[in-house]
Amino acid sequence: MNRIGRILSVNGPVVRATGLSSFAMREMVEVGELRLLGEVIRLDGNEGVLQLFEETQGLRPGEPVKGLGEPLSVTLGPGLVGAILDGIGRPLGALLEKTGAFMDRGGGLQQLEGDRNWEVFPQVRKGEIVTEGSLLATVKETPLLEHRLLLPPGMEGEILEILPQGHHDGSAVLARLRDGFGRERVLPLIQRWPVRTPRPVRQRLLPEEPLLTGQRVIDGYFPIARGGVAAIPGGFGTGKTVTQHQLAKWSDAKLVVYIGCGERGNEMTQVLEEFPALVDPATGHPLMERTILIANTSNMPVAAREASIYTGLTIAEYFRDMGYDVALMADSTSRWAEALREISGRLEEIPAEEGFPAYLPSRLAEFYERAGRVTTLGGEQGSVTLIGAVSPPGGDFTEPVTRHTKRFIRCFWALERELASARHYPAISWTASYSEYAAEVRPWFESHVDPRWGEVQTELRRILAEDEHVQQVIQLVGEDVLPDEQRLIALVASIIKTGFLQQGAFGPDSYCPPAKTFAIMELIVHFYRRAQALVAKGVPLRLVRETQEVASLYRLREIDGEKLEEFEEIRRRLESRLERIGAERLAGGRDRR
Amino acid sequence: MSLAEYRGLQAVDGPLVFVDGVRGVGYDEAVEIVGPDGRPRRGRVVLIEEDRAVVQVFAGTAALVPDGSRVRFLGRHLEMALSPSILGRTFDGLGEPRDGCGAVLGGFQSDINGRPINPMARAYPRDFIHTGLSVIDTLMTLIRGQKLPIFSSNGLPHNRLAVQIASQSRITSGDNFAVVFVGIGIRNDDAAYFIEALRDAGKGQPPVVFLNLASDPVIERLAAPRTALTAAEYLAFDLGYHVLVVMTDMTNYCEALRELAVARGEVPSRKGYPGYLYSDLASLYERAGVLRDRPGSLTQLPILTMPNDDITHPIPDLTGFITEGQIVLSREQDAQGAYPPVDIPASLSRLMKDSIGKGYTRDDHPDLAGQLFASYSRVQEIRALAGVVGEDELGATEKSYLRFGDAFERRFLSQGDQEDREIGVSLDLAWELLAILPRTELNRLPSELVRKHLPSKATK
Ligand SMILES: Nc1ncnc2c1ncn2[C@@H]1O[C@H](COP(=O)(O)OP(=O)(O)OP(=O)(O)O)[C@@H](O)[C@H]1O
Ligand SMILES: [Mg+2]
């Protein structure tokens, strides 16, 4: 069948064509003599609308449109880990070799490089009956990750032949099997999956374990669960990307998929340069060995930006299905929403709010719904944790993308301009942020870190909340007239803010193990309780505040996470100082202040 | 290729003309329209619908008579002629010489839209650019290959600052430093000031100038930065220059884009600007950078004036979302007589963190910058408090912050517009000023650095 249509009109990334009667909705197409890639987004009789993933400069009416017979799909198999792909899953490394530093377009569909060799270890034998999700073979893709080749969803049967152990390239046939109808099926080593279709699972589970991030304000205050969904909204320069990079570096996921969606080229380069040199605290291997990057930078075509999110999600689900915990960062989901808006505008759809199409909320819901902790088809447990940055115009959280996102996420790390301007990093607001997972993961922290985790955390948060009121009074009348109990709140709050919540991303404090997070929280609370007792006995706060020991509380975060015994030393010195102050004061009679 | 020529325009609407009955015309193709007055005007195809082409005319459509006009589709995109001889030349927004010195000879044509850089081809920018301004070098360091805009307001000395940065910049010791200046909808006197000052800068090569003056056609403003960046990319990545591109005023660029969008009847997003303003600006700003296997670099210093001094206005806002930091000028500092009147808390260089300190500037630089930001932000708080309770009610420590704040603004922030300070001088000055504060307040600085650098009179 000759499935060739013709271009009628070109309007930026949106192309109208005729002769599409046998084309499918969302089918991938090659357009024009340059063979630009696109997909069908609307069909109406013989005519239809395409969105192109490449620049349409020079495209003319009359040029051909060829159907590729499948929806936008991504190639899945060994070779993904450590790679950087464009929005529709093409490896940028191969493109670099082909076209040089400045990206070219056209040339049609390109696959993952098939020429690399992998050592394949078969896990089934001839004659075995396998079902969807069954483990067929493994490949040691990187020292950090065993790539598990599974039987794709919807397939079952008897193994007729399996690839023998040895080195094979990407073009190899992994297995042949006979399905229930007696038909023979051939299973290539490298598979494809349509990006807009969620990969099926056996069962969805409730989150219960935290995804540890090494970031105190997150682990300690607003934790995220494995399989959870979080958003990081913030105006420009408030720290979304740095936070996402921190999570990509330090979270204890098995695999990280990082989508640079309409953001800066240099930020991708930074990951490419930095991650190979950084070592995973858990395994001692370079972080790049567990990272996959998807890059549609802000100067790349918008339709591919819209697709990049799904490309990343599909890859994340593919590794989840192997029974892994995958963390996916999307920076920024706003650019994705704006890509939707731009295409929608060119289609002359009726906009809902601020030009966004009425289906924005449902697309956001679909996106965040693909996260979760699951039992896979193969019976393993895996998860996709999804963390989306949101870039509200003017830093205004009431705009549509932030507002709708809030409906679908359960963890909200609000970045505040005032904190960023004061260089309080990460600028995660302790008043506007929340985590609905805090209660669910508390038992884990209490059994794995310290039984007092919840209690200490609650106390710390109470002090900060009280401090909000104290600060309001200080703004009005100054600090001097406040009673000492309230000034103590202000003092401890300032220790919490500087000594606990702040965490520079670029120094030795970049990663903080949970035990250290707890040690800091606990010591601050301990100090608070002791000082409170002294103040209640009439000891002036001034005597406590101006001591070397209290100054050292501001610097607890500088203590090496491996040397937690130093906390004991500081506690001892603090104890004896406070004891001495108390004793001297009380021996010296009444307050002479 | 035989170039088709069509007679007559179907319709004229604002900056757009509609040409019917065309064949083989490509999207975004360059067009030449010659009116009955014989004057050629250039345009580009912004929409092609079967046999109708919609053309955006850069020179505007005033006095264009539909009937007698001839339209030629050029079969290529808008291009700029490039050769080493562009150095020292002045062009209009479309890359045509406007200095009367004739066409660019011996060159080749390059598409003004450029092509996106493959992120794998980039090298992460790391080289410090000395500007000689204490506040910039110390607190918002400019890095080679960075895009760092100046957010200004009408009446503030952003032009003076840009000229000072351009003329004092020392990117490398050699003479392979070049400035590309693009004036977008600016006044003639501002243009003259820039050209004069940059010519006198005397370092490196004579600047390449692109001018679209306030009196020039509005739609041509959309081409001007693209043409200029095409020249800059050529100088940087083909000829190996370290290029600093000064682009002013980006607000005029955005307004031209809005005008075109409205003419096309597009659905506006915020404040009437098109929804793709972000992507459009990014297609300019992302052209900055350093490439792994080519010499040279392209650094951008765009200048924009914030409408109503409002930093949340879409123009500064979307710019901030794309660039790698921003230098914000403050009316308040300006009123106090500070030059450069930089709003320190609002300003930031995102690339400095990897490019300062040992081996780049000086070992104490990162911590010192952190301390200055923290202390200065405390100054703001205490000033606010002093405004409420009165200065006399403040404690000794608080009072020392007020003294520090004043001295910092007077001596560190402010400097002459010809004054070129070495980074070492700036850092030493910062230590001297920090000594005004009690030592216990310097909790961002490791004690070894304090011992080494803090002037001893303060070591109480
Ligand atoms: N945890 C941190 N530690 C140290 N510096 C930080 C931290 N978070 C943010 N910063 C500083 O803030 C700057 C801006 O952060 P970032 O690039 O993450 O902003 P963003 O929110 O992603 O902005 P945009 O929306 O424009 O991309 C960084 O370059 C860095 O200087
Ligand atoms: Mg960012």
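Residues numbered from 1 in each chain as written. Chains lettered and ligands numbered in written order. Predicted model: local features only at pLDDT ≥ 70, side-chain atom pairs only at ≥ 80, totals over all residues. Heavy atoms only, no water.

**Let's talk about the overall build of chain B**
Okay, step 1: Secondary structure summary: chain B contains 12 helices and 21 strands in total.
Okay, step 2: Along the first, second and third principal axes, the C-alpha set of chain B runs to 85 × 50 × 40 Å.
Okay, step 3: The 460 residues of chain B split such that 62% are buried.
Okay, step 4: Here the analysis covers contacts within chain B between residues at least 6 apart in sequence; of these, 72% occur between residues at least 24 apart.
Okay, step 5: Accessible surface, chain B: about 16500 Å² in total, of which carbon and sulfur atoms supply 47%.
Okay, step 6: Here chain B holds 49 positive side-chain charges and 60 negative ones, and the gap between their average locations is 3 Å. (Helix = DSSP H or I, 4+ residues; strand = E, 2+ residues; numbered from the N terminus. Buried < 20%, exposed > 50% of the residue type's maximum accessible area, 1.4 Å probe, protein only. Contact = heavy atoms within 4.5 Å. Areas by Shrake-Rupley, 256 points an atom, 1.4 Å probe, with all protein chains shown as cover. Lys, Arg positive; Asp, Glu negative; His and termini not counted. Charge placed at Lys NZ, Arg CZ, Asp CG, Glu CD.)

**Here's the deal with the pairing of strand 24 (residues 381-390) of chain A**
Working note: regular strand, side chains alternate between the two faces of the sheet.
Residues and elements named next belong to chain A.
Okay, step 1: Within strand 24, nine of the 10 residues are buried, which leaves it mostly tucked inside the rest of the structure.
Okay, step 2: Pairing of strand 19 (residues 229-233) with strand 24 involves five bridges; the strand directions are parallel. Along strand 24, the bridge assignment pairs Val 229 with Leu 386.
Okay, step 3: Of the pairings in the sheet, the one linking strand 22 (residues 325-331) to strand 24 comprises six bridges and is parallel in character. Note that in strand 24 the partner of Ala 330 across the bridge is Gly 388. (Pairing = 2+ DSSP bridges.)

**Remarks on helix 10 (residues 396-413) of chain B**
Residues and elements named next belong to chain B.
Okay, step 1: Between its first and last C-alpha atoms helix 10 spans 24 Å; for 18 residues at 1.5 Å apiece the expected length is 26 Å, and the two agree.
Okay, step 2: Taking the largest bend as the criterion, helix 10 deviates by roughly 25 degrees, centred on Ala 407.
Okay, step 3: The set of residues buried in helix 10 consists of Ser 400, Tyr 401, Leu 402, Phe 404, Gly 405, Ala 407, Phe 408, Glu 409, Phe 412 and Leu 413.
Okay, step 4: Next to the buried residues of helix 10 lie helix 1 (134-139), helix 8 (331-335), helix 9 (365-389) and helix 11 (423-434). (Expected span 1.5 Å × (residues − 1). Bend = angle between axes of the 7 residues up to and from the residue.)

**So, the site of ligand 1**
Okay, step 1: Neighbouring ligand 1 are 21 residues; A:Lys240, A:Thr241, A:Val242, A:Arg264 and B:Arg350 lie closest to it.
Okay, step 2: Per-site note: the chains with residues close to ligand 1 are chains A and B.
Okay, step 3: In this structure, an oxygen atom belonging to ligand 1 sits 2.8 Å away from a side-chain N or O atom of A:Arg264.
Okay, step 4: B:Gly320 is positioned such that a nitrogen or oxygen atom in its backbone is 3.4 Å from an oxygen atom of ligand 1.
Okay, step 5: Mapped onto the shell around ligand 1, the elements with two or more residues apiece are helix 3 (240-250) of chain A together with helix 7 (314-322) of chain B.
Okay, step 6: Among the elements that line the shell around ligand 1, the one with the most residues is helix 3 of chain A, at three residues.
Okay, step 7: Broken down by class, the residue content of the shell around ligand 1 amounts to eight nonpolar, eight polar and five charged. (Near = heavy atom within 4 Å. Polar contact = N/O pair within 3.5 Å; in protein donor to acceptor, adjacent residues only side chain to side chain. Nonpolar A, V, L, I, M, F, W, Y, C, P; charged D, E, K, R; others polar.)

**Thoughts on the sheet that holds strand 19 (residues 297-305) of chain B**
All names here are of chain B.
Okay, step 1: If you trace the eight strands from one edge of the open sheet to the other, you get 9-16-15-17-19-14-20-21, paired in mixed fashion. A strand with exactly one partner marks an edge of an open sheet, and here the two such strands are strand 9 (90-92) and strand 21 (348-349).
Okay, step 2: With seven bridges joining them, strand 17 (residues 242-248) and strand 19 adopt parallel strand pairing. Each residue of the ladder has a partner; that of Leu 244, found in strand 19, is Thr 299.

**A few points about the nonpolar core**
Residue and element names in this part refer to chain A.
Okay, step 1: Judged by nonpolar contacts, the single largest core of 166 residues is most densely connected at Leu 174, Tyr 221, Ile 315, Phe 319, Trp 413, Ile 496 and Phe 527.
Okay, step 2: For this core, the leading source of residues is helix 13 (residues 514-536), giving 12 residues.
Okay, step 3: Excluding residues within four positions of it along the chain, Ile 496 makes contact with Tyr 221, Leu 460, Ile 463, Leu 464, Leu 501 and Ile 524. (Core = buried A, V, L, I, M, F, W, Y, C linked by side-chain atoms within 4.5 Å.)

**A look at the domain arrangement of chain A**
Okay, step 1: Here chain A is partitioned into domain 1 (1-71), domain 2 (117-189), domain 3 (203-440) and domain 4 (453-586).
Okay, step 2: Once you take the C-alpha centre of each, domain 1 of chain A and domain 4 of chain A turn out to be 64 Å apart. (Domains from an automatic or database assignment.)

**Overview of empty space enclosed by the protein**
Okay, step 1: Taken as a whole and judged by the stated rule, the model has four cavities of 30 Å³ or more.
Okay, step 2: Of the voids in this model, the largest cavity is the one considered here, and its volume is about 160 Å³.
Okay, step 3: Together, 19 residues line the largest cavity, and A:Arg341, A:Pro393, B:Ser269, B:Arg270 and B:Leu318 are the ones closest to its centre.
Okay, step 4: The set of elements that each furnish at least two residues to the lining of the largest cavity consists of helix 6 (333-346) of chain A together with helix 6 (277-285) and helix 7 of chain B.
Okay, step 5: Along the lines of polarity and charge, the residues of the lining of the largest cavity split into 10 nonpolar, three polar and six charged.
Okay, step 6: Here the second largest cavity is characterised by a volume of approximately 120 Å³. (1 Å grid on protein atoms, 1.4 Å probe; cavity = no way out; pocket = protein on both sides within 12 Å on 5 of 7 lines; lining within 4 Å. Points joined across faces, edges and corners; volume = space filled by probe spheres on them.)

**Thoughts on helix 5 (residues 302-320) of chain A**
Side chains three or four residues apart in an α-helix point the same way, a direct result of the helix having 3.6 residues per turn.
Residues and elements named next belong to chain A.
Okay, step 1: Look at helix 5: 28 Å from first C-alpha to last across 19 residues, which is about the 27 Å you get at 1.5 Å a residue.
Okay, step 2: Of all the bends in helix 5, the greatest measures close to 30 degrees and is centred on Ser 308.
Okay, step 3: Helix 5 sits mainly inside the fold: 19 of its 19 residues count as buried.

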